[in-house]
Amino acid sequence: MINQRNFISSKIMSGIKIFLFIGMLMSFTSEISAQQLTPGDAAEQRARAYIEAINSSDRAAWRKFINENYSKASLERMPLEARLNNFARIYDETRGGSLQSLQRIKPNEVETIVKANLTGLGLELVFQVEEQSPFYLSSIRFRPQNLAGKKLSDKEMTQELDAFLKKLGGADVFSGTVLLAHGDRVLFEKAYGEANKDFKAPNNINTKFNLGSMNKMFTSVAIAQLVEAGKLSFDDPLGKFMPDFPDKESAEKIKIKHLLTHTSGLGNYFNRAFMEASRARFRTVDDFLALTKDEKMQFEPGTRWQYSNTGMLVLGKVIEKVSGQSYYDYIRENIYRKAGMTSSDSFDLDTVNPNLAVGYEKEFTDQGVAFRNNIFMHVIRGGPAGGGYSTAGDLLKFAQALQSGKLVGKEYVKLLTSPKPELNSPNYGYGFILGANPATFGHSGGFPGISSELVIFADTDYVAVVLSNYGSGAQPVGTKIRGLVQSCADCQMAKK
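Residues numbered from 1 in each chain as written. Predicted model: local features only at pLDDT ≥ 70, side-chain atom pairs only at ≥ 80, totals over all residues. Heavy atoms only, no water.

Engineer: Residue-level account of the sheet that holds strand S3 (residues 122-129), with values.
Structural biologist: With respect to topology, four strands assemble into an open sheet ordered S1-S2-S3-S4, the strand pairing being antiparallel. Each edge of the open sheet carries a strand with a single partner, namely strand S1 (97-106) and strand S4 (137-145). Recorded for the sheet is a direction-independent mean angle of 20° between the axes of neighbouring strands. Where strand S2 (residues 109-116) meets S3, seven bridges bridge the pair, whose relative direction is antiparallel. Residue pairing in the sheet places Glu109 in a bridge with Gln128 of S3. Sheet strands in contact with helix H2 (residues 39-56) are S1, S2, S3 and S4, and its direction is about 160° off that of S1. (Pairing = 2+ DSSP bridges. Helix = DSSP H or I, 4+ residues; strand = E, 2+ residues; numbered from the N terminus. Axes fitted to C-alpha atoms, helices over the stretch in contact; angles between N-to-C directions. Contact = heavy atoms within 4.5 Å.)

Engineer: Any details on the nonpolar core? Residues and values, ideally.
Structural biologist: Counting residues in each nonpolar core, the largest one holds 74 residues, and the members touching the most others are Phe218, Ile223, Phe234, Ile256, Phe398, Phe432 and Leu454. When residues of this core are assigned to their parent elements, the largest contribution, eight residues, is made by helix H7 (residues 215-228). Of all hydrophobic cores here, the second largest spans 26 residues; its members include Met157, Leu165, Val455 and Ala464. (Core = buried A, V, L, I, M, F, W, Y, C linked by side-chain atoms within 4.5 Å. Buried < 20%, exposed > 50% of the residue type's maximum accessible area, 1.4 Å probe, protein only.)

Engineer: Give me the sheet that holds strand S16 (residues 462-468): which residues, what numbers.
Structural biologist: With respect to topology, six strands assemble into an open sheet ordered S6-S5-S16-S15-S14-S13, the strand pairing being antiparallel. Bordering the open sheet on either side are strand S6 (185-192) and strand S13 (433-435), each of which pairs with just one other strand. Pairs of neighbouring strands in the sheet enclose a mean axial angle of 15°, with direction left out of account. Where strand S15 (residues 450-457) lies against S16, six bridges are found, and the strand directions are antiparallel. Looking at S16, one finds that Leu454 is bridged to Val465. Strands strand S5 (176-182), S6 and S16 of the sheet are contacted by helix H6 (residues 154-170), whose axis makes an angle of about 10° with S6. Those strands touched by helix H14 (residues 392-404) are S5, S6, strand S14 (440-447), S15 and S16, and its axis lies near 145° from that of S16.

Engineer: Now, about the pairing of strand S10 (residues 360-365): what can you tell me, with residues and values included?
Structural biologist: Burial along S10 is one-sided: Tyr360, Lys362 and Phe364 are buried, while Glu361, Glu363 and Thr365, pointing the other way, are not. As judged from the six bridges shared by S10 and strand S11 (residues 368-373), these two strands associate in the antiparallel manner. Bridged to Thr365 within S11 is Gly368. Following S10, the chain reverses through two residues before pairing antiparallel with S11.

Engineer: An account of helix H12 (residues 309-323) is requested, with residue identities and associated values reported.
Structural biologist: The first and last C-alpha atoms of H12 sit 21 Å apart over 15 residues, in line with the 21 Å expected at 1.5 Å per residue. Along H12, 14 of the 15 residues are buried, which leaves the element largely enclosed by surrounding structure. For H12, the side-chain oxygen to backbone nitrogen distance between the N-cap and Gly311 is 2.9 Å, and the N-cap itself is Ser308. (Expected span 1.5 Å × (residues − 1). Polar contact = N/O pair within 3.5 Å; in protein donor to acceptor, adjacent residues only side chain to side chain.)

Engineer: Please give an account of the packing of aromatic side chains that cites residues and values.
Structural biologist: Taken as a whole and assessed by the stated rule, the structure comprises 23 aromatic pairs. Consider the rings of Phe234 and Tyr430, whose centres lie 4.8 Å apart with planes at 40°: the pair is tilted. Placement of Phe234 in the loop between H7 and helix H8 (248-253) and of Tyr430 in the loop between helix H15 (410-416) and S13 is noted, with a sequence separation of 196 residues between them. As far as burial versus exposure is concerned, Phe234 and Tyr430 are alike and both buried. Between Tyr269 and Phe270, the ring centres sit 4.4 Å apart and the planes meet at 35°, which makes this aromatic pair tilted. According to the relative accessible area criterion, Phe270 is partly exposed, its value standing at 28%. Taken together, the ring pairs connect Tyr50, Trp62, Phe65, Tyr70, Phe87, Tyr91 and Phe127 into an aromatic cluster. One cation-aromatic arrangement involves Lys420 over Tyr430; the distance from NZ or CZ to the ring centre is 4.5 Å. (Phe/Tyr/Trp six-rings, centres within 6.5 Å; stacked < 30°, edge-to-face > 60°. Lys NZ or Arg CZ within 6 Å of the ring centre and 35° of its normal.)

Engineer: So what about the side chain of Ser487? Which residues, and what values?
Structural biologist: Locating Ser487 in the fold gives a position in the segment after helix H16 (474-486). Note on Ser487: relative accessible area 16%, which makes it buried. In this structure the side chain of Ser487 is engaged in a polar contact, spanning 3.0 Å, whose partner is the backbone oxygen of Gly483. Apart from residues lying up to four places away in sequence, Ser487 is in contact with Gly149, Lys150, Lys151 and Leu152.

Engineer: For the pattern of salt bridges, give the residues involved together with the corresponding values.
Structural biologist: Under the defined criterion, the tally for this structure stands at 33 salt bridges. The closest approach of N and O atoms between Asp92 and Arg95, which form a salt bridge, is 3.1 Å. Where salt bridges share partners, they join Asp41, Glu44, Arg48 and Arg104 into one cluster. (Salt bridge = Lys/Arg side-chain N within 4 Å of Asp/Glu carboxyl O.)

Engineer: Which residues make up the pairing of S1, and what are the values?
Structural biologist: Here eight bridges tie S1 to S2, and the two strands are oriented antiparallel to one another. Across the sheet, residue Gly97 finds its bridge partner in S2, namely Ala116. Hairpin connection, S1 to S2: the antiparallel pair is bridged by two residues.

Engineer: Give a description of the packing of H2 against helix H3 (residues 59-69) that names residues and reports values.
Structural biologist: Taken N-terminus to C-terminus, the directions of H2 and H3 make an angle of 160°; their axes are 8 Å apart at the nearest point. Put simply, H2 runs roughly antiparallel to H3. Considering only the axes of H2 and H3, their crossing is left-handed. Residue-level inspection shows Arg46, Ala49, Tyr50, Ala53, Ile54 and Ser56 of H2 in contact with H3, the latter providing Ala61, Trp62, Phe65, Glu68 and Asn69. (Parallel < 35°, antiparallel > 145°, perpendicular 65-115°, else oblique. Left-handed = near helix turned anticlockwise from the far one by under 90°.)

Engineer: Tell me about H14, and name the residues and values.
Structural biologist: Counted at 1.5 Å a residue, the expected span for H14 with its 13 residues is 18 Å, and the 18 Å between its end C-alpha atoms agrees. Buried residues of H14: Ala392, Asp394, Leu395, Leu396, Phe398, Ala399, Ala401 and Leu402, and no others.

Just geometry here; none of it tells us what the structure is for.
Now the structure itself:
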C-alpha cells in the first residue's frame, strides 16, 4: 500500500521540477527571441508601447516608458522631467490617439500615422532606435498630417472649422483669433480664450497678438521696395552697407539675397548675452546689433540653409542705411500705412498698449496644469527678425495689399514668394515660407506664449490667419485649415 503522504509529496516535487523546467525553457526561448530581434522589430514594439503609454494619460506610465525605452545617453541629452513634460503636452493637445498605420521605412525606423482623439487630425511619428541591442529609442520625429476628407463648400468649411475650434477652445488647447477669407469675403472670424488670465479679459477679433517671426515678411517686402526703387540690389554684398560685419572678408561674401533666404552663414543674436541682460536695453536695431559682436560666418554663403535671426536683423540695418529712416518708421510708413494696417506695430511693452494679448505656456506637474506668462521672456520691443504685434484683420490687409501689387510690383511679389534652390533654399523664398500640397506662402512665428501663422494659398483666393497666445496653439488650426482648403469644393474659383 502506497503511503499517501509520500505520494502527494512526490507529486508536488514532480510538479516543481516540471515548473522549473518550463521556466528554464521559457527563459531560453526569450533569450533566443531577444537575440533574433531586429532593430525594425524593436522600433515597432517601442512605437506601439509609446502610443499605449500616451493613451493611458497616466504620468506613472509615462515615467515607466521613458525609463525603459530611452538610453542613458538620451536621458542625459533630455532629462526625464523634460521628456515627461513633452508626454503631458502631447496628451493635452491630442487626448491620445488611434494607430492608423505602421510601416518600416529603414532597418531601424518605423513610421506611424496616429489620429488624434481631440482634433481628428493625423500625426506622423517616426520612431528611430539604436542599431545595437537593446535597441533603445534614439529619436521620435513628429509631423502633422491632413487626413483625407470629403469636399466641402465654403459654408461647410466654416461650419467644420467652427466645430473644430469649439473643441480646441473647450479643451483649453487654443486661445486666440482665427480668420479665413476667400477673395474679398471674410468667411470666418472668431476669437477664443483670454487675452489676460489675471483679469479674465477675453480675446476679441481686434486683440493684438505677438507675431514672433512673422515680422520677417515686412522686412523682406521693405528690401524689395528699395530694390524696386533702384536703391539697392539683391546681389549687393553686405559690405556695401556694413563693411566690417561680421568682418571685412565675410561682408564681401554675404549678399542681400543670402540674408533674405537664411543662407548667409550667420546665426542667432538671441544668445546668452541677451538672456542675461535687461530686456529694457534693446529697443533699436543698433541695440540688438550690439549682441552680435562675436558673430562669425559659420559656412560659405549659399551653400547651406540655416535659420538666422541675425541675418534678418542685419537687413533691418540695411533698410536704415539706404532709406535714412529708422527701421520702425520705414515699416510704419511703407508697409503698415500703405496696406491700411492700423493696429500693427513693434510696440514698447512697458508703455500702455490697449488690447494686447499676454502670452502663456502650460506647465504640467504631478499636481496638475498651471499657466506661466512670457512677460519677462521675450523682447520689450520687436524688430526686423520678429516680435511685433498685429491683428487677424490687419494681416489679411497685408496679404491683400501684397497680392494686389500695392506694396511692391507683382514681379517682385513672385520673386519674394518663389523657391531659391540655387541658394540651397527650396522651401523659403525671400522672407516667406513656402508650402506644397496645397501651394502656399506666408510665415509663422513661435516662442513660449506665441504661436502665429499667415497662410496665403497661391493657387486660390484663400487667406488664413491664426494668432494664438498659447505657445503651440496655432499649429493644429493651421493644419486643419490647409486640409479644408486643399479639398474645398469651391476651388473652381481659382486665380487665373
